Amino acid sequence: MLKLNKKGSLIVISGPSGAGKDTVVNKLKEINDNIWVSISCTSRLPRGSEIDGKDYFFLTKEQFEEKINNNEFLEYAVYNDNYYGTPLYKINEKLNEGIDVILVIEVQGALYVKQHVKDAIFIFIMPPSMEELKNRLVNRKTESKDKILNRFKTAYNEINEITKYNYVVVNDEIEKASNKVNSIIMSEKCRVDRIEDVYVSNKEEMIHELLMDKKFDNE
C-alpha cells in the first residue's frame, strides 16, 4: 500500500467530461486557500487555450510510458485512447505541510487510488441532467461528432460507478457546487476517526513532555 502522510487531506474529484469538474475546483480555490490542485499528465493534445504546466503536463505517448516504467505516477489510466496520470511529485510534500491536495482524475484512476490510499475523500461531480451534459459537450466545438458520442457513452459508464464514491455534488450552479465541495472538506476534518488518529499518535510524546515540564515540580 502506498504510504502517504495525511496531515493534509487527499481529495479525489471525478465526473463525466463536461460535468464542470475543473470549473468547480477553480472556484473552490477562490474560497479555500489551503488547497493545492495536482496537475495531471496526459498524452492527448492540448484543447483550445490549454497551457502546458497549467492545465496539464502534455507528454508524448513515449514520454508517458517512460514515466510509468519509472514509477512516477500515483495512478494512471487510459481514457478515450489517451493516457492520464497523477505524478507523485509534490503530493507528499504538500500533505506533510498540512495542505489539502485535490486530484481531478478519471474514474478508473480514482478507483485505483481508493484501493491504495487510506482515508482519501472521493467526490463525484454530476451534471444537472444528461441533456445538459450533451449540450456542454456539443458547445465546446473542439471535438468531432464521433468523439462527443464516445464521451457521452463513457459518461453513462462512469455514473454507474457513483456508489463507490463518498459524496456526490450536482453542478447546476458553479458557486453552489464549489461551496458544497468545500463544506465536505471541512466536515471531513471533524470526523472522530481522523481526530482520534492525531491524539493517539501524539499520546506518548505529550506524556513525556508533561513529565519533563519543570513547572509541575513544586506541586
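Here's a quick rundown of the structure. (Residues numbered from 1 in each chain as written. Predicted model: local features only at pLDDT ≥ 70, side-chain atom pairs only at ≥ 80, totals over all residues. Heavy atoms only, no water.)

## Some thoughts on the packing of aromatic side chains
Geometry of an aromatic ring pair is reported as the spacing of the ring centres plus the angle between the planes. Applying the stated criterion across every chain, the model contains ten aromatic pairs. Arranged with centres 6.0 Å apart and planes meeting at 80°, the rings of tyrosine 79 and tyrosine 84 form a pair that is edge-to-face. Each member of the pair, tyrosine 79 as well as tyrosine 84, is classed as buried. Summarising the aromatic geometry, the rings of phenylalanine 122 and tyrosine 165 are spaced 6.2 Å apart at their centres and angled 85° between planes, so their arrangement reads as edge-to-face. Of this pair, phenylalanine 122 sits in strand β8 (residues 121–126) while tyrosine 165 sits in the loop between α6 (145–159) and β9 (167–170), and the two are 43 residues apart along the sequence. Like phenylalanine 122, the residue tyrosine 165 is buried in the burial classification. (Phe/Tyr/Trp six-rings, centres within 6.5 Å; stacked < 30°, edge-to-face > 60°. Buried < 20%, exposed > 50% of the residue type's maximum accessible area, 1.4 Å probe, protein only. Helix = DSSP H or I, 4+ residues; strand = E, 2+ residues; numbered from the N terminus.)

## Observations concerning the packing of helix α1 (residues 21–31) against helix α7 (residues 174–188)
Interaxial distance between α1 and α7 falls to 8 Å at its minimum, and their mutual angle equals 65°. Considered as vectors, α1 and α7 are oriented roughly perpendicular to each other. The handedness of the crossing between α1 and α7 comes out as right-handed. Contact residues: Thr23, Val24, Lys27, Leu28 and Ile31 in α1; Ile174, Glu175, Ala177, Ser178, Asn179, Val181, Asn182 and Ile185 in α7. (Axes fitted to C-alpha atoms, helices over the stretch in contact; angles between N-to-C directions. Parallel < 35°, antiparallel > 145°, perpendicular 65-115°, else oblique. Left-handed = near helix turned anticlockwise from the far one by under 90°. Contact = heavy atoms within 4.5 Å.)

## Quick look at the sheet that holds β9
Pairing is parallel in the open sheet, where five strands are placed in the order β2-β7-β1-β8-β9. The sheet is open, and its two borders are formed by β2 (35–37) and β9, each paired with just one other strand. Between one strand and the next, the sheet's axes are offset by a mean angle of 25°, whatever the strand orientation. Here three bridges tie β2 to strand β7 (residues 100–104), and the two strands are oriented parallel to one another. Directly across from tryptophan 36, in β7, lies its bridge partner valine 101. Each of β1 (10–14), β2, β7 and β8 touches α1; the most contacted strand, β7, lies at about 160° to it. (Pairing = 2+ DSSP bridges.)

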